[in-house]
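Chain by chain, the residues run as shown.
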Amino acid sequence: EWPHTGRLALYLLGLRATCPPPSPQRSLVTWLKYYLEEDWTGSRRHGHPLTSYYQYGLGVLALCVHHKRVREEVIRRLLAAQHHGRLGHGGNAVDTEAVVALAFTCLERRRLVGTELVAELRAAAHGASRSMAEAQGPDGIIGNIYSTPWALQVFLATGTCQTEPAFGQAMAALLENLEAFGTAATMAQVLPVLHGRSYLDIASMHCQEEPDTLTPMDIEPPTEVPGNKTVQLVVECPLPWCYELRLYDRRVPVPAAASLLDVLWAAAALEPYDFKFHTQDTSQGPFLTQVLGLEARQEKRNYWQLLTAPNTPLQMGIADYRPQDGETLILRLSEW
């Protein structure tokens with residue numbers, strides 16, 4: 001079983017934000033330190049952590065927010081990965097580089113490293129900030145809509161939000177796409193940014209002064225949209241995984257309010273022997289893991305990319321994206 005580095009790190013970040021009594025956190029922090037060491041054993045064979053640099057960076061960030069020292073060797077692994085460009089491509093790279101930059105800034109700000117490392121961490125974090133500004137698209141989005149809050153957190157944490165034009169453009173794009181943040185995990189990424197904060201602010205909270213403002217919300221069910229629509233569903237598998245690029249190309253009729261996940265279920269019902277898929281539940285909703293018997297695997301560093309024709313990546317997950325009538329959706333096995 002692989003280490004639960006990222007999941008435990010996110011839990012500890014959330015736990016710290018709720019100002020709990022200290023006793024239950026201690027054993028969890030110890031487990032996170034253990035997972036970071038176990039996670040890195042994968043680098044001896046694969047050249048990267050067993051999980052990912054994203055989860056590994058989250059682990060370092062969570063330890064720092066809990067005011068725990070991190071071994072210099074652990075930090076230098078992340079510095080080397082950033083220096084050699086190993087943090088991924090596209091939106092995944094923005095997410096990962098942002099998490100790593102936040103971890104560096106936290107360690108530097110809280111003086112949890114030796115003095116010789118402080119300057120290196122500050123330079124690496126500001127380098128990540130410049131990289132994110134360069135990754136900004138003409139629509140203001142950095143990487144994809146879900147990685148944009150991470151980039152904004154870096155601008156806020158490093159203090160470059162005052163001087164970096166990309167910050168205002170990305171914030172405007174975020175405000176135009178708030179409907180994309182419909183799960184607890186994505187809300188947790190965007191809410192601090194909307195209040196001008198980053199995850200680093202959790203480390204300096206004064207819990208005695210925090211009022212109990214948690215109140216239940218009444219969420220209205222979504223309204224039904226009458227009628228039907230037809231979506232063209234395409235499955236692509238390029239070399240080296242397949243010899244034939246297009247494996248599936250069918251028109252799928254669905255209700256007008258159907259999501260991409262509903263389209264997949266409808267395709268499976270139409271052709272139960274020809275179209276099969278599997279998903280995995282995550283904190284950000286269902287994640288597509290297998291289509292037509294082809295499984296995306298972390299150790300192979302591939303995933304099922306979601307696009308709308310001809311080549312535009314979707315900014316939402318399969319349960320959140322609702323295609324238009326006549327739209328062509330592409331599931332493409334891709335490398336990250």
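From a predicted model like this one, the values you see are computed outputs, not experimental measurements.

Engineer: Would you mind going over a nonpolar patch on the surface with me for this structure?
Structural biologist: Nonpolar side chains collect at one region of the surface, where L175, L178, M187, L191 and L194 lie side by side and expose about 410 Å² of accessible area between them. Ranked by residue count, the leading element in the nonpolar patch is helix α10 (residues 184–194), at three residues.

Engineer: Quick question: what am I supposed to make of the nonpolar core here?
Structural biologist: As a rule of thumb, soluble globular proteins bury nonpolar side chains together. L61, I75, F104, L107, M132 and F155 are the most contacted members of the largest nonpolar core, which totals 72 residues. In terms of residue count, the dominant contributor to this core is helix α6 (residues 90–109) (10 residues). With sequence-adjacent residues up to four places away left out, M132 is seen in contact with V94, E97, A98, I142, A151, V154 and F155. V252, L264, F277 and L331 belong to the second-largest nonpolar core, a separate cluster that totals 29 residues.

Engineer: What should I look at first to understand helix α11 (residues 260–270) in this one?
Structural biologist: An α-helix turns once every 3.6 residues. As a result, residues three or four positions apart point the same way. Among all positions of α11, only L260, L261, V263, L264, A266, A267 and A268 are buried. In this structure, the buried side of α11 is in contact with β1 (228–236), β2 (246–255), β3 (277–282), β4 (285–291), β6 (302–308) and β8 (328–335).

Engineer: For this particular structure, what's the right way to read the pattern of salt bridges?
Structural biologist: Where charged atoms from two side chains of opposite charge come close, those side chains can pair. Applying the stated criterion across every chain, the model contains 11 salt bridges. Linking E108 and R122 is a salt bridge whose minimum nitrogen-to-oxygen distance equals 3.1 Å. Of this pair, E108 sits in helix α6 while R122 sits in helix α7 (residues 115–134), and the two are 14 residues apart along the sequence. Classification of R122 as partly exposed rests on a relative accessible area of 34%. Where D249 meets R246, a salt bridge forms, and the shortest distance between an N and an O atom there is 3.1 Å. On the basis of relative accessibility, which here comes to 29%, the residue D249 falls in the partly exposed class.

Parameters at a glance
- Residues numbered from 1 in each chain as written.
- Predicted model: local features only at pLDDT ≥ 70, side-chain atom pairs only at ≥ 80, totals over all residues.
- Heavy atoms only, no water.
- Patch = residues over 30% accessible without salt bridge, like charges linked within 9 Å, V, L, I, M, F, W, Y side chains within 5 Å.
- Areas by Shrake-Rupley, 256 points an atom, 1.4 Å probe, with all protein chains shown as cover.
- Salt bridge = Lys/Arg side-chain N within 4 Å of Asp/Glu carboxyl O.
- Helix = DSSP H or I, 4+ residues; strand = E, 2+ residues; numbered from the N terminus.
- Core = buried A, V, L, I, M, F, W, Y, C linked by side-chain atoms within 4.5 Å.
- Buried < 20%, exposed > 50% of the residue type's maximum accessible area, 1.4 Å probe, protein only.
- Contact = heavy atoms within 4.5 Å.

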